[in-house]
Amino acid sequence: MKSGSTMEWLVSYADTDAGGVVYHGRYIEQAERSRHRLLLDIDLPFLSLEKENDCLFVVRAMNASYVQPAFLGQRLTVTSGIKQLREAYSVWDTTIANDTGCICIITAKLVCLSAKERVLRTMPDDVFQALLPMTREGGCEVH
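Keep in mind that what you see is a predicted model, and the values were worked out from it rather than measured.

A. Region of the structure containing the pattern of salt bridges. All told, the structure shown has seven salt bridges when counted by the stated rule. Arg 26 is the partner of Glu 29 in a salt bridge, and the nearest nitrogen-oxygen pair spans 3.2 Å. Of the two residues, Glu 29 and Arg 26 both sit in helix H1 (residues 24-41), three residues apart, roughly one turn of that helix. Using a relative accessible area of 29% as the deciding quantity, one classes Glu 29 as partly exposed. On the basis of relative accessible area, Arg 26 is assigned to the partly exposed category, the value being 24%. With its nearest N and O atoms 3.9 Å apart, the salt bridge here joins Asp 41 to Arg 37. Of this pair, Asp 41 and Arg 37 both sit in helix H1, four residues apart, roughly one helical turn. Its relative accessible area of 37% is what places Asp 41 among the partly exposed residues. Taken together, the salt bridges that share partners define one network made up of Asp 15, Arg 26, Glu 29 and Arg 33.

Encoded structure:
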């Protein structure tokens, strides 16, 4: 069974500074896109979470570790999975790598907010069950 989602990122001019080095914030943006891709892969788009499950995933905390720089024109692989899944929160792990190794690791703790009442709530059981197969171990490491 699949335990994550992978997408390709071709580093464009808009992703970089004048020296062709990727801005640090772009990695966080790509992690968000990768988390969205995972939800789409398991047929849980954001609109469905909101309208059918009264659930909005909101970032509570985030940590980004930069291992090496990425540059204009590089093809990077962005892989997201769930490192920890609990009824009250989930911890998502995104790794960004090139063909020589790890570029960046982003860990985000997400909580479920009621879309209607805008207060914290536990994750609906059907959403929890859909996310369970997406839990994974590993990824690249920071040394």
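B. Representation of the nonpolar core within the structure. Ranked by size, the top nonpolar core spans 17 residues in total, and within it Leu 39, Phe 57, Trp 92, Met 123, Val 127 and Leu 131 carry the most contacts. In this structure Val 127 touches Leu 44, Leu 49, Asn 53 and Phe 57, once residues within four positions along its chain are discounted.

C. Expanded view of the state of the cysteines. Evaluated as defined, the whole model comprises one disulfide. Bridging Cys 55 to Cys 112, the disulfide has an S-S length of 2.5 Å. Of this pair, Cys 55 sits in the loop between helix H2 (46-53) and strand E2 (56-66) while Cys 112 sits in strand E5 (residues 101-113); the two residues are 57 residues apart in sequence, bridging distant segments of the chain. For the pair Cys 55 and Cys 112, one class covers both residues: buried. Lacking any disulfide linkage, Cys 104 is separated from the closest cysteine sulfur, that of Cys 102, by 7.2 Å.

D. Inspection of the environment of Gly 101 at higher detail. Examined against the element boundaries, Gly 101 turns out to sit in strand E5. Judged by its relative accessible area of 22%, Gly 101 is partly exposed. Expressed as a C-alpha distance, the spacing of Gly 101 and Thr 6, which sit 95 residues apart in the sequence, is 15 Å.

Cut-offs and rules
Residues numbered from 1 in each chain as written. Predicted model: local features only at pLDDT ≥ 70, side-chain atom pairs only at ≥ 80, totals over all residues. Heavy atoms only, no water. Salt bridge = Lys/Arg side-chain N within 4 Å of Asp/Glu carboxyl O. Helix = DSSP H or I, 4+ residues; strand = E, 2+ residues; numbered from the N terminus. Buried < 20%, exposed > 50% of the residue type's maximum accessible area, 1.4 Å probe, protein only. Core = buried A, V, L, I, M, F, W, Y, C linked by side-chain atoms within 4.5 Å. Contact = heavy atoms within 4.5 Å. Disulfide = S-S within 2.5 Å.

By themselves, these observations are geometric and do not establish any function.
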